[in-house]
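# Survey of secondary and tertiary structure
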Amino acid sequence: MNSLHLAFTQSTALPFLQAIDALQAGNTNAVLELVDRAVGVDVTNRFAYIKRAQLLDIFSLDERAVKDYSIAISYDPTFADVYQLRGCSHFKAGRLNDAVADWNTFLKLKPD
């Protein structure tokens, strides 16, 4: 998803890079603390919410991931890829109807 790899500001990117290091070191608590800090730097940055949600997905924190994907969608309801990601989180949480609805929205927004 190339659109998800847009540059963050340096102050937002650093906590995410540190979170990835913490993830590789197996330090779950540090990962969660760092991604929360990254989002706090710019609470209007939809990409920060998306990246945090993706990391939350790794820890099967599906409800928190869905919430972050939903916030990202509220900033840009035409960002198709986020519906696909949120649909996966809904699916993992056992909410099949919500997952299908998100995937259908993804397909409507990005039919290619």
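Above this text sits the structure in question.
Along each chain, numbering runs from 1 in the same order as the chain's sequence is written. Local features in this predicted model are restricted to residues of pLDDT 70 or higher, and side-chain atom pairs are both shown and tallied only at a pLDDT of 80 or more, whereas totals for entire chains, interfaces and linings draw on every residue. Side-chain numbers here rest on the full set of heavy atoms in the structure, without hydrogens or water.

Turning our attention to the overall build of the protein chain. Working definition: helices are DSSP H or I runs of at least four residues, strands are E runs of at least two. Numbering for both runs from the N terminus. Across its full length, the protein chain carries six helices and zero strands. Helices (α) and strands (β) of the protein chain occur, in sequence order from the N terminus, as α-α-α-α-α-α. Throughout, a residue-residue contact means that at least one pair of heavy atoms, one from each residue, lies within 4.5 Å. For the protein chain, the share of sequence-separated contacts (at least 6 apart) that also reach a separation of at least 24 residues comes to 51%. Exposure was quantified through the Shrake-Rupley algorithm and a 1.4 Å probe, taking into account, for residues, occlusion by the shown protein chains and nothing else. Carbon and sulfur atoms form 56% of the exposed surface of the protein chain, whose accessible area is close to 6,300 Å².

Before going further, it helps to spend a moment on helix α2 (residues 28-41). The terminal C-alpha atoms of α2, which comprises 14 residues, lie 20 Å apart, in line with the 20 Å expected from a rise of 1.5 Å per residue. Only protein chains enter the calculation, and the probe is 1.4 Å; a residue is then buried if its accessible area is under 20% of its type maximum, exposed if over 50%, and partly exposed in between. Among the residues making up α2, those that are buried are A30, V31, L32, L34, V35, A38 and V39. By this rule the span expected of a helix is its residue count minus one, scaled by 1.5 Å.

Turning our eyes to something else, we now look at the environment of L32. With respect to the secondary-structure elements, L32 resides in helix α2. Among the residues examined, L32 registers a relative accessible area of 18% and is labelled buried. Spatially, the C-alpha atoms of L32 and F59 are 9.5 Å apart, while their sequence positions differ by 27 residues.

All right, on to the environment of I50 then. As for its position among the elements, I50 is in helix α3 (residues 46-58). Distance from I50 to L85, taken between C-alpha atoms, is 8.8 Å for residues 35 residues apart in sequence.

Between N-to-C directions, angles span 0 to 180 degrees; the directions come from axes that are lines fitted to C-alpha atoms, helices contributing only their stretch in contact. At a closest axis distance of 8 Å, the pairing of α3 and helix α4 (residues 62-75) adopts a crossing angle of 160 degrees. Classified by the interaxial angle, the pair formed by α3 and α4 is roughly antiparallel. Judged by the sense of rotation from one axis to the other, the crossing of α3 with α4 is left-handed. Contacts from R46, Y49, I50, R52, A53, Q54, L56 and D57 of α3 reach α4 at D62, R64, A65, D68, Y69, I71, A72 and Y75. We call Asp, Glu, Lys and Arg charged. Ala, Val, Leu, Ile, Met, Phe, Trp, Tyr, Cys and Pro are nonpolar, and the rest, Gly among them, are polar. Residues that form the contact of α3 with α4 fall into these classes: nine nonpolar, one polar and six charged. Roughly parallel refers to an angle under 35 degrees, roughly antiparallel to one over 145, roughly perpendicular to one between 65 and 115, and oblique to any angle outside these ranges. Helix crossings are classified by the rotation of the near helix relative to the far one: an anticlockwise turn of less than a right angle makes the crossing left-handed, while a clockwise turn makes it right-handed.

Attention now goes to the pattern of salt bridges. Salt bridges are defined by distance alone: a side-chain nitrogen of Lys or Arg within 4 Å of a carboxyl oxygen of Asp or Glu. This structure, assessed with the given rule, holds 10 salt bridges. In this structure, R64 and D36 form a salt bridge, with 2.9 Å as the shortest nitrogen-oxygen distance. Of this pair, R64 sits in helix α4 while D36 sits in helix α2, and the two are 28 residues apart along the sequence. The class of R64 is partly exposed, set by a relative accessible area of 34%.

That's the geometry; what it means functionally is another story.
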